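The primary structure of each chain is shown beneath.
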Amino acid sequence: MSSVLERSRFVLVIGGGQAGLAAGYWLKRQDIPFLIVEGSARIGDVWRQRYASLSLFTTRAFSALPGMALAGKAQGYAGRDEFADYLEAYARRFALPIRLSTSVQRLRAGPQGSFLADLSDGGTLAATHVIVATGGFQAPVVPAIARGFGAQIPQLTPESFGAGESLPDGPVLVVGDGASGRDLAVLASASHPVMLATGKPRKLVPERVLGQSIWWWLRSLGLMRASSASFIGKALRRRDPFPDRDRGLASLARRGIELRPRLTAAEGDTAVFADGERRKVAAVVWAVGYRDRTDWIEIPGALGDDGRLLHDAGVSPVPGLAYVGRPWQRNRASALVMGAGEDARRIVESIRREDAPRRIAAAVPPRAAEPR
């Protein structure tokens, strides 16, 4: 079945996490027709599938989406499952149109400047506008050095770690000492001897200053609004500080976690470090960052030669294409829950301001997609 959408907007939001839901909130307030597609079976499952002790960077006071507070102690931190349930309740409260268990396999150009999204269920959606809200934490990086470990050594990531129930007996090596790596080292140390391979020096800031959350100070001083191109923004990106919630190196050492320098080689069941030390390991946990998956976006002009998403504060050079939830999309807050609402509001406002919405010919209706 097909139809013609004349002088009307239809926005496809790809991703039903906090960024996609924030976009949906503002689209609904502007009375712009839209649909959110989410690959998981439940809203919040992306959070539920990460490691058990995960909690938000920011306190509950700074972790709410527009229009709905996060229940609980304002100065406390929401855990993984709590925040997943909050997202599910948010979507239900605002009756956001969402198609679950549906992922976009391919996003391509349609007729007359429209977009066509080929779906995992075999259908196709057409849209005048697309907001990609898949976030900046899509595919955990497992570096090439991992191939040096033997097949008998389990290799996990923050997404596959769970509560550590699959760890075999013996020493666990956690590679990467960012916030996730330190959390995972602590979680594993409850039942296993743990080594943490560090990298560049990390800057940790106090959790509270003069009785106020560090996030209150960062927001009040305007640091969270500093653009990525500003002097402050560049300094923050370079140092990438995060709150010291009992995760300083001295605290980790007191827990019995052995701090090691950078991992330089892997040989069977042996890890080799920058100081020349060699240690046997029973399992490895990679916490060295994430990379984007962009090969499904087949829109001319949307990607750089290296596959990087091109945008200016979330607005693509391709008319009608935008992003929400990108790290440093506008500022430091953009990759955090606290920034999702404002970034989404600006993107939706740019859609609303368009004077002459483009027309779509022979578009597939959003609720009557046909198998390809």
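Within each chain, residues carry numbers counting from 1 in the order of the written sequence. Local features in this predicted model are restricted to residues whose pLDDT is 70 or higher, and side-chain atom pairs enter the listing and the counts only when it is 80 or higher, whereas totals over whole chains, interfaces and linings include all residues. Only hydrogens and water are set aside; all other atoms, that is, all heavy atoms of the structure, feed into the side-chain values.

## Digging into helix α1 (residues 18-29)
By definition, any uninterrupted DSSP run of H or I lasting at least four residues is a helix, any uninterrupted run of E lasting at least two residues is a strand, and each is numbered from the N terminus. In this scheme, a helix's expected span is set at 1.5 Å multiplied by one less than its residue total. For α1, with twelve residues, the first-to-last C-alpha span of 17 Å sits near the 16 Å given by 1.5 Å per residue. For α1, the buried fraction is high: ten of the twelve residues fall into the buried class. Relative accessibility under 20% of the residue-type maximum defines a buried residue, over 50% an exposed one, and the middle range a partly exposed one, all with a 1.4 Å probe and only protein chains included. Of the positions making up α1, those classed as buried are Q18, A19, G20, L21, A22, A23, G24, Y25, W26 and L27. With its phi angle positive at about 60°, D31 sits one or two positions after the end of α1.

## Points about the sheet that holds strand β21 (residues 283-286)
At least two DSSP bridges between two strands are needed for those strands to be called paired. Strand order in the open sheet made by the five strands is β10-β21-β11-β12-β17, with parallel pairing throughout. Every other strand in the sheet has two partners, leaving β10 (155-156) and β17 (258-260) as the edge strands with one partner each. Two strands pair when backbone bridges link them, and strand β12 (residues 194-197) and β17 are joined in this way by three bridges, in the parallel orientation. The partner of M195 across the bridge, within β17, is E258. Along the sheet face, helix α4 (residues 179-189) touches β11 (172-175), β12 and β21 and points at about 170° away from the line of β12. Note on definitions: a residue-residue contact is assigned when non-hydrogen atoms from the two residues lie within 4.5 Å. The convention used is that axes are lines fitted to C-alpha atoms, helices contributing only their stretch in contact, and that angles between N-to-C directions extend from 0 to 180 degrees.

## A short note on the confidence of the model for the protein
In regions of low pLDDT, the predicted coordinates are not meant to be interpreted in detail. Known as pLDDT, the predictor's confidence for each residue is given on a scale from 0 to 100. For the protein, per-residue confidence averages 88 on the pLDDT scale, and 92% of positions sit at 70 or higher. Throughout residues 1-7 the model reports pLDDT below 50, and contacts reaching past four residues in sequence, or to other chains, amount to 20 contacts. This stretch, residues 355-372, has a pLDDT under 50; its non-local contacts, to residues over four places away or in other chains, come to 63 contacts.

## Comments concerning the pattern of salt bridges
We define a salt bridge as a contact between a side-chain nitrogen of Lys or Arg and a carboxyl oxygen of Asp or Glu at a distance within 4 Å. Here the structure, examined in full by the defined rule, presents 27 salt bridges. Two residues, E342 and R345, come together in a salt bridge whose shortest N-O distance is 2.7 Å. On the criterion of helical spacing, the pair formed by E342 and R345 is a turn pair, its members being three residues apart in helix α8 (residues 337-352). For R346, the salt bridge goes to E342, with nearest N and O atoms at 2.9 Å. With R346 and E342 both in helix α8, this residue pair falls four residues apart, about one helical turn.

## A few points about the pairing of strand β18 (residues 263-267)
For β18 and strand β19 (residues 270-273), the ladder comprises four bridges, and the chain directions are antiparallel. Looking at the pairing, A266 lines up with A271 of β19. Linking two consecutive strands that pair antiparallel, namely β18 and β19, is a turn of two residues; a positive phi of about 65° is found at G268 within it.

## Focus on the sheet that holds β18
The strands that make up a sheet are held in pairs by hydrogen bonds between backbone atoms, and each pair lies either parallel or antiparallel. Taken in spatial order, the three strands of this open sheet run β18-β19-β20, and their pairing is antiparallel. Each end of this open sheet is capped by a strand with a single partner; those strands are β18 and β20 (278-280). Adjacent strand axes in the sheet meet at a mean angle of 25° when their direction is disregarded. As defined by bridge partners, β19 adjoins β20 across three bridges and the pair is classed as antiparallel. Each residue of the ladder has a partner; that of A271, found in β20, is R279.

## Brief notes about the side chain of R326
Positionally, R326 belongs in the loop between β24 (321-323) and α8. Looking at R326, the relative accessible area reads 11%, which means it is buried. Engagement of the side chain of R326 in a polar contact is seen with the side chain of D292, the distance being 2.5 Å. Excluding residues within four positions of it along the chain, R326 makes contact with G135, G136, Q138, D292, L309, H311, S334 and A335. Whenever two N or O atoms come within 3.5 Å, that pair is a polar contact, provided that in protein one can donate a hydrogen and the other can accept it, and provided that, for residues adjacent in sequence, both atoms are side-chain atoms.

## Let's talk about the environment of A78
Structurally, A78 can be placed in the loop between α2 (45-48) and α3 (80-93). The class for A78 is buried, based on a relative accessible area of 1%. If near-sequence neighbours (up to four positions away) are discounted, A78 is found in contact with S55, L56, R60, L70 and F83.

## Examining the packing of aromatic side chains
Only centres within 6.5 Å qualify two rings of Phe, Tyr or Trp (six-membered ring in Trp) as a pair; their planes then separate them into stacked at under 30 degrees, edge-to-face at over 60, and tilted for everything else. In total, this model carries eight aromatic pairs according to the counting rule given. Note on Y25 and F94: the rings are 5.1 Å apart at their centroids and 85° apart in plane angle, and the pair reads as edge-to-face. Taken together, the residues Y25 in helix α1 and F94 in the loop between α3 and β4 (98-99) connect sequence positions 69 residues apart. Both residues of the pair, Y25 and F94, count as buried. Between the aromatic rings of Y86 and Y90, the centroid separation amounts to 6.1 Å while the plane-to-plane angle is 45°, which identifies the pairing as tilted. On the criterion of helical spacing, the pair formed by Y86 and Y90 is a turn pair, its members being four residues apart in helix α3.

## Re α8
Helix length check: α8, at 16 residues, gives a terminal C-alpha distance of 23 Å against a target of 22 Å (1.5 Å per residue), a fit within 8%. The inward-facing, buried residues of α8 abut β2 (11-14), α1, α3, β8 (129-132) and β24.

## As for the packing of α1 against α3
α3 packs onto α1 with a crossing angle of 20° between their chain directions and a minimal axis gap of 11 Å. It follows from the interaxial angle that α1 and α3 lie roughly parallel. Seen from above, α1 lies across α3 with left-handed handedness. Between α1 and α3, the contacting residues are Q18, L21 and Y25 on the first element and F83, L87, Y90 and A91 on the second. Any angle that falls under 35 degrees is termed roughly parallel, while one over 145 is termed roughly antiparallel, one within 65 to 115 roughly perpendicular, and all others oblique. Less than a right angle of anticlockwise turn of the near helix away from the far helix marks a crossing as left-handed, whereas a clockwise turn marks it as right-handed.

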